Amino acid sequence: MALFPAFEGALNVDSSRNRDLEWLNNQSFREDDALNLHQRASCPASPPSPQSPPSLQKPEEQDNYDVGTKKRRKKEKKKKGKKQKQQKRGCSESGDSDSHTVYPSDLLKKQETPDRAESPIQAGGFMWLDDLHAPTATPYCIDRRADRANWEYRALYRAHIARYRRKGSSALGLDSRTQAVVWDDSAAGKKRRDQKPERYFSPSVRRLLQGEAVPSLPDAPLPEPAPFIPLGNHNEDAGLKPSDSLNPLGVYDSSTSLWLEGKGQPQVKDNVPQPPENSGTKAKVEEFNRTLRENPTDTPTWLAFIRFQDEVGAACGSLPDGQESEAEARRLSVRALLERKVSIIERALESNPGSVELKLEKLRLCQELWEPTVLLKEWKKLVFIHPNSAPLWRSYLLFAQSHFSTFSVSKVNAIYGKCLSTLSAVQDGSMVSHPSLPGTQEDMLDIFLLQCHFLRQAGHSEKAVSLFQALLDFTFFKPDSLKDQPTRQQVEFFEPFWDSGEPRVGERGARGWRAWMLQQERGGWIIPPESEEEEDEDQDESEIKDKTQPKWRIWLDVEATREANQWLPWRPDSTKDQSEEDCEDPDRQVLFDDIGPSMVRVETPQLQGRLVLSFLRFLGLPGTSSPPDPSLLLDDSAFLDERVDPERPLTSYDLPVSGVSAVGHMTFLSSSRRRAGLCKAGEELLRNVLEQILPLLSAQDRAALNLCWLQYEKLKVLRCVQYKNKKRLKVQGKSSKRLAKCLLKQQENRGSLALWREYGHMEWLLGNVEEARRVFDTALTLGGALGLRHHALCSLCLLYAQLEVELTSRGASGSPETPPTASRAVHVLTTLAEGAVYTPFSGHVGPVTILKARKAYELALRAALLDVGGTAPSGRPHNVCGLVGCFGLFQYLTTGIDAAEAVYVQAGEALSGSARPSEDGGPLARCHVTSERETVAVQHVTLLHHHGNAGVLPLSRLRLALTEALHRLPCSAPLWQLYLLAESRCHNRGRTRRFFHDVAKSNRSVIPRLFAVTAEQRWKQQMDLAQSSCSSLPTDILPTLPEIGIGNRIRTLFEVAVTTEDGAHCPLLWRMYMTSLVSSGHTEKGRGIFYKALQAVPWAKGLYMDAVQLFPDRVQEFLDLLTEKELRLRVPLEEVDILLED
């Protein structure tokens, strides 16, 4: 029969021609079967006729359905499909159809297949096991009833099940006014299910958290509940509006009423607050645009707008138009942000073509966009256009010494000389084209100090010391006939003196430039015979202590030893018939071409005193003068490791430690070398400089230098006490006491209470308590009647009382419960308040005297706080820290810790609210007030810490005082040390981390970030120590214990810190980062950080020395790089080989 019966006649006509189309004939098709199938499909409800084939019945009613035959047929079809490589057709035939199709051929085969043997259990029935007659029969039944869903859809896949879509939203039989059906939109639900849930790091969530909170009105107070629910008047129902008919009782709210009316509510999107950046950020952008459109010449606003782009970029990279596309947020990279800033700065320069600040900002932004040659050309062009701008020169110098591809020590040193000579010409008036700007002389001195520290960090200590010697000679010993000449001509006259071989400032027999010029005019110089002195030749002995150590370790030791002993410039000794050819190391000789262009004029007495104090700080003496750029000069981690001495809780920070290394003290970061003092030649240089310069200064500056000298001697004694070197302590104590007595014997220093204070403290540190008391009593007898307004007397009494309190708390004399009337410290503070002549302590203090002293302290403090920031008759700002410290300690000893804290809080608020120094006093007055605030805060916190150790004090009070002080003084190293000490007592690291983050975010200084890293490293050390001390744990498990993410957090803190403007050029930060990675086992990452650090601080020799220690397999590579950049290399590896052979 034909496959298409309707065309069977047409097919038979051409049967002879179309024999090759026999595949169109279906031999298995029968008309009877087709009619039966048609009748069953058209009449599904009719009962099946007895003539119908049994295979057309429902599956659950078929007991003889041959499942095995069907499975075999499917397997055969699959095999056939694989052979013909038509898997797709086979799969579609086997399981991809939407419904079950019954083929007539299957029905015929089913009729022809013989029935199976019947089971003892009827199909679809159940029987008990005991009812079976034959035990060998099959003890189970076969359930041939198929699942209806499988029978209808042939699969459980959701796509095979038919779905019905609703058309319209109405329902028949419902009252449209009072009844409705809520139809769920399956498409919207499916779309919501496809979206991933938002996490805390999602862009939208981060924008919400970083933005400002949406303002909201407070909820109105709820009305008092009524005794009954009022009902409306039913007589008015006739005139009800449609909305009133739906809400006749008035109990539905507005949203329910709208829903009953069939109206939609306002879009929920309008009620939900948008991300804060859409409102806050966009409003700020509009405010900036409006302000700059009205005043396009406002340079600070342009710079603020450029910095504001960082906030926009930090908000997940979202654009200001409020679009929430995550793809846009990902595409906004750092380069795109820089390009946006550059476009803004170009618009700003169109309105302000002469603004140096905007041009500097453009060069800073284009540093990552332009080629190095183009960038260098633009810098030179900008400096040529504005040669009188000192801030521009400082930025150019920082770029020159931090640009690795063009960096070398000689090039940067030449740029420093060109900068100072150009500014000197502007200051003299020689450069007529550009006028001198205010503050140029102070800026020149700052640049000169930066040059000296740059040479010290690069290892060229000889050139740095020669620069100081030359400028001191050029300033203090200048001939009177040359003072009116331009600086350039003065330098030309100074060159012959420098090359003449005459002794310079700091050398034995130096008389100065003025005396040499005068003697040259008279006909030559007469050199008096000098007595020969024996010199130690210890340094000429073997420099290698242990030849069994590795070669790189020997190189480090020899390099550090020569750095400490050979930092002075080499001069030929005429008494020994030496010449320049006798110098073994030519780099130790300093030529005039290296220092001549850097000579500047320092004319004001204030700047001259600052120059001398800066030189003393350069040599390692303690002082209060701050360096010009602290982050650039930080290279010593001693101020991070300094901790409170438990035996000296109140006086531990009397001499704060600086983070700037002294000359000759530059070593690798993990070195244990921590010594105070200079080599023998350095001590001689220091003594000669002070003896030659002191007579040329004012009385006030001489007192400051003498005090700095004696504090240096006390610092050396303190280091010997800390290291517990009794032999060294005995020798150093005798030398320091001899110098103190020599200074106090001078006529102008006999009444100097500051020197008496340092001498008494030195005796106390040496253990001579009674001798120290006699020294303090003598000093109080000399100046006891000066009263509370004398700063030196208050400082002396405060130190004396603090030492007595420390001694009492240790139990050396008396007990901690000593009453105030029997305390020597109370006697000292009471005598100070009375203003009478001091009498030694007799063992008792009267209560009336204590009351009078408290009243005197209150009056004096009130008067002193009113004059904060003013100028005393001596010409210096008022000092209130001594008075506040005495009053606070007096209140603590007589009343309690609450009264003492009230004094410190009052003084801190007065010092913080003083605005007069910032307006009238200038930078020096601001620095003085900042120092006063820091001193008062340290006194406050140390007293609380001492009371917490001696008694009971909530830790929250100490933490509150520390956090308030650190918010005002984020760069105070002593306060940070005390904060770490306080937080080490608790384990709430989250609070500490949040505080560090808040302070670092609001301050650009790198010091808070350094202490944040130090805190994490100390916590990690505690964790490692606790794990290693666990004896119950096996040894092989300890290395696998997790460190709870501290290591990753330390690396994150370092990464964030080095991306800041100050942290990128901080040598100490990079060295700590590299050391931390290597100590954690990440050697390859540490090496990568070293090469990354070279791009930011290529001048720091300490970085190369740390790399040699951490990566000893690449010593030669590091030394070649050090030599290529012209850093100072004192011991080549070839010389180490020669020393090993000897």
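What you see is a predicted model, and the numbers here were worked out from it, not measured in a lab.

A few words on the overall build of the protein. The secondary structure content of the protein amounts to 49 helices and 0 strands. Per-residue burial over the protein gives 42% buried out of 1142 residues. Surface accessibility of the protein: about 64700 Å² in total, with carbon and sulfur atoms responsible for 53%.

Relative to the helices and strands, Thr422 resides in helix 19 (residues 409–428). A relative accessible area of 13% places Thr422 in the buried class. Sequence-distant contacts of Thr422, that is, excluding residues within four places in its chain, are made with Pro387, Trp393 and Met431.

So, on to the packing of aromatic side chains. Applying the stated criterion across every chain yields a total of 32 aromatic pairs. Pairing Phe494 with Trp498 gives two aromatic rings, centres 6.2 Å apart and planes at 40 degrees, and the pair type is tilted. With Phe494 and Trp498 both in helix 22 (residues 487–499) and 4 residues apart, the pair spans about one turn of that helix. Taken as a pair, Phe494 and Trp498 share a single burial class, namely buried. Put simply, the rings of Phe474, Phe494, Phe497, Trp498, Trp513, Trp516 and Phe592 pair up and form one aromatic cluster. Directly above the ring of Phe474 sits Lys478, whose terminal nitrogen or CZ lies 4.5 Å from the centroid. For Arg504, the ring lying beneath its charged end belongs to Trp498, and the centroid distance is 3.5 Å.

On to a negative patch on the surface. Together, Glu492, Glu495, Asp499, Glu580, Glu581, Asp582 and Asp593 make up a region of like negative charge exposed at the surface. Sorting elements by how many residues they give to the negative patch places helix 22 first, with 3 residues. Following the sequence through the fold, Asp582 ends up in the loop between helix 24 (551–565) and helix 25 (592–595).

The next thing to look at is the environment of Ala1015. Secondary-structure assignment places Ala1015 in helix 43 (residues 1007–1028). Residue classification places Ala1015 among the buried residues on the basis of a relative accessible area of 4%. Measuring from C-alpha to C-alpha, the distance between Ala1015 and Leu981 comes to 9.7 Å, with 34 residues separating the pair along the chain. Here Ala1015 is in contact with Leu980 and Phe996, once residues within four sequence places are set aside.

The next thing to look at is the pattern of salt bridges. Applying the stated criterion across every chain, the model contains 44 salt bridges. A salt bridge links Glu603 to Arg601; the nearest nitrogen and oxygen atoms lie 2.9 Å apart. Residue classification places Arg601 among the buried positions, given a relative accessible area of 16%. Residues Glu1061 and Arg1004 are paired through a salt bridge, measuring 3.9 Å at the closest nitrogen-oxygen approach. You can see Glu1061 sitting in the loop between helix 44 (1046–1058) and helix 45 (1067–1079) and its partner Arg1004 sitting in the loop between helix 42 (989–1001) and helix 43, a full 57 residues away along the chain.

Moving on, we get to the side chain of Gln457. Tracing the sequence through the fold places Gln457 in helix 20 (residues 440–457). Residue classification places Gln457 among the buried positions, given a relative accessible area of 3%. Setting aside anything within four residues of it in sequence, one finds Gln457 in contact with Leu632, Leu633, Asp635, Met666, Pro1067, Trp1099, Ala1100 and Lys1101.

Cut-offs and rules
Residues numbered from 1 in each chain as written. Predicted model: local features only at pLDDT ≥ 70, side-chain atom pairs only at ≥ 80, totals over all residues. Heavy atoms only, no water. Helix = DSSP H or I, 4+ residues; strand = E, 2+ residues; numbered from the N terminus. Buried < 20%, exposed > 50% of the residue type's maximum accessible area, 1.4 Å probe, protein only. Areas by Shrake-Rupley, 256 points an atom, 1.4 Å probe, with all protein chains shown as cover. Contact = heavy atoms within 4.5 Å. Phe/Tyr/Trp six-rings, centres within 6.5 Å; stacked < 30°, edge-to-face > 60°. Lys NZ or Arg CZ within 6 Å of the ring centre and 35° of its normal. Patch = residues over 30% accessible without salt bridge, like charges linked within 9 Å, V, L, I, M, F, W, Y side chains within 5 Å. Salt bridge = Lys/Arg side-chain N within 4 Å of Asp/Glu carboxyl O. Lys, Arg positive; Asp, Glu negative; His and termini not counted. Charge placed at Lys NZ, Arg CZ, Asp CG, Glu CD.

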